[in-house]
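This is what each chain is made of:
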Amino acid sequence: MQGVINRMAENSRSCKVWCVTLVAATLVLVARTAEPQHALIALVPTLLFLFLDSYYLALERAFIRSQNAFVGRLHQSELESADLYRVVPSGMGLPLIMRCLLGSVSIWPFYLLVTVTILLTWLLIIPSDTPLTKGGL
């Protein structure tokens, strides 16, 4: 069970690594082509990895809940032989995923920083003679 929990944590970390890699590659290409609107393409993998990371975090929490319930039954001597081979994430569902998506300290600061970086890149590459920058931006 602990191996599964560790794997979910590793998957969550991999989401962040891949997100940074894809966003950085996209922004390098945008800087080379000087096409600011292409910077917004980097928001697509950011959003996809945000949801995937939330899913893995929810799975991790569900397995931790299941493991804690197992240990509780073990200490109360209520364990059955079928419990030894059952690995089911307890309480896994859309509400848990949404709680992880909206309220996790390990998700929002990271993806917010990536999004701000994308938007700043987009704003910094816009040529100074465009209507967007003439208005005093």
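Fair warning: this is a prediction, and the values are worked out from it, not measured in the lab.

About the cut-offs
- Residues numbered from 1 in each chain as written.
- Predicted model: local features only at pLDDT ≥ 70, side-chain atom pairs only at ≥ 80, totals over all residues.
- Heavy atoms only, no water.
- Axes fitted to C-alpha atoms, helices over the stretch in contact; angles between N-to-C directions.
- Helix = DSSP H or I, 4+ residues; strand = E, 2+ residues; numbered from the N terminus.
- Parallel < 35°, antiparallel > 145°, perpendicular 65-115°, else oblique.
- Contact = heavy atoms within 4.5 Å.
- Nonpolar A, V, L, I, M, F, W, Y, C, P; charged D, E, K, R; others polar.
- Phe/Tyr/Trp six-rings, centres within 6.5 Å; stacked < 30°, edge-to-face > 60°.
- Buried < 20%, exposed > 50% of the residue type's maximum accessible area, 1.4 Å probe, protein only.
- Salt bridge = Lys/Arg side-chain N within 4 Å of Asp/Glu carboxyl O.
- Core = buried A, V, L, I, M, F, W, Y, C linked by side-chain atoms within 4.5 Å.
- Arc of directions from axis to C-beta.
- pLDDT = per-residue confidence, 0-100.
- Patch = residues over 30% accessible without salt bridge, like charges linked within 9 Å, V, L, I, M, F, W, Y side chains within 5 Å.
- Areas by Shrake-Rupley, 256 points an atom, 1.4 Å probe, with all protein chains shown as cover.

Notes on the packing of helix α1 (residues 2-33) against helix α4 (residues 108-125)
Where α1 contacts α4, the two axes come as close as 11 Å, and the packing angle between them is 0°. It follows from the interaxial angle that α1 and α4 lie roughly parallel. Together, C15, K16, C19, V20, V23, L27, V30 and A31 of α1 and F110, Y111, V114, T117, I118, T121 and I125 of α4 make up the contact between the two elements. Of the residues contributing to the contact of α1 with α4, the split by class is 12 nonpolar, 2 polar and 1 charged.

Remarks on the packing of aromatic side chains
Inspection of the entire model under this criterion finds 2 aromatic pairs. Between the aromatic rings of Y55 and Y56, the centroid separation amounts to 5.9 Å while the plane-to-plane angle is 55°, which identifies the pairing as tilted. The class of Y55 is partly exposed, set by a relative accessible area of 36%. Taking the centre distance of 4.8 Å and the plane angle of 90° together, the rings of F110 and Y111 count as edge-to-face.

Section: the pattern of salt bridges
Applying the stated criterion across every chain yields a total of 2 salt bridges. Its salt-bridge partner being K16, residue D53 comes within 2.6 Å of it at the nearest N-O pair. Remark: K16 occurs in helix α1 and D53 occurs in helix α2 (residues 43-75); sequence separation between them is 37 residues. A relative accessible area of 0% places D53 in the buried class.

Description of the environment of I118
Note that I118 resides in helix α4. Discounting chain neighbours no more than four positions away, the residues touching I118 are V23, L27, A39, A42, L43 and T46.

Quick word on the packing of α1 against α2
Contact geometry of α1 with α2 gives a least axis separation of 9 Å together with a crossing angle of 170°. On the basis of their axis angle, the class for α1 and α2 is roughly antiparallel. Classifying every residue of the contact of α1 with α2 gives 16 nonpolar, 5 polar and 3 charged.

Notes on the nonpolar core
Counting residues in hydrophobic clusters, the biggest one holds 26 residues, and the most contacted among them are C19, V23, L27, F63, Y111 and I118. Of all elements in the fold, only α1, α2, α3 (94-103) and α4 reach the threshold of two or more residues within this core. Look past the residues within four positions of V23 in its chain and what remains in contact with it is A42, T46, V114 and I118.

Considerations on α3
Since there are 3.6 residues in each turn of an α-helix, residues three or four apart along the chain are aligned in direction. Taken residue by residue, α3 has L96, I97, C100 and L101 as its buried positions. Down the axis of α3, the smallest arc covering the buried residues is 135°, so these residues share one side. Among the exposed residues of α3, those oriented more than 90 degrees off its buried face are L94, P95, L102 and G103. Structurally, α3 contributes buried residues whose contacts are with α2 and α4.

Thoughts on the confidence of the model for the protein chain
Looking at the protein chain as a whole, its pLDDT mean stands at 85, while 92% of the residues score no less than 70. Mean pLDDT values for the elements of the protein chain range from 54 in helix α5 (residues 131-134) up to 92 in α4.

Some words on a nonpolar patch on the surface
A cluster of nonpolar residues, L94, M98, L102, W108, L112, V116, L120, L123 and L124, forms a patch on the protein surface that exposes about 880 Å² of accessible area. Elements that contribute at least two residues to the nonpolar patch include exactly α3 and α4. Examining the composition of the nonpolar patch, we find that 6 residues originate from one element, α4, more than from any other. On the basis of relative accessibility, which here comes to 48%, the residue L120 falls in the partly exposed class.

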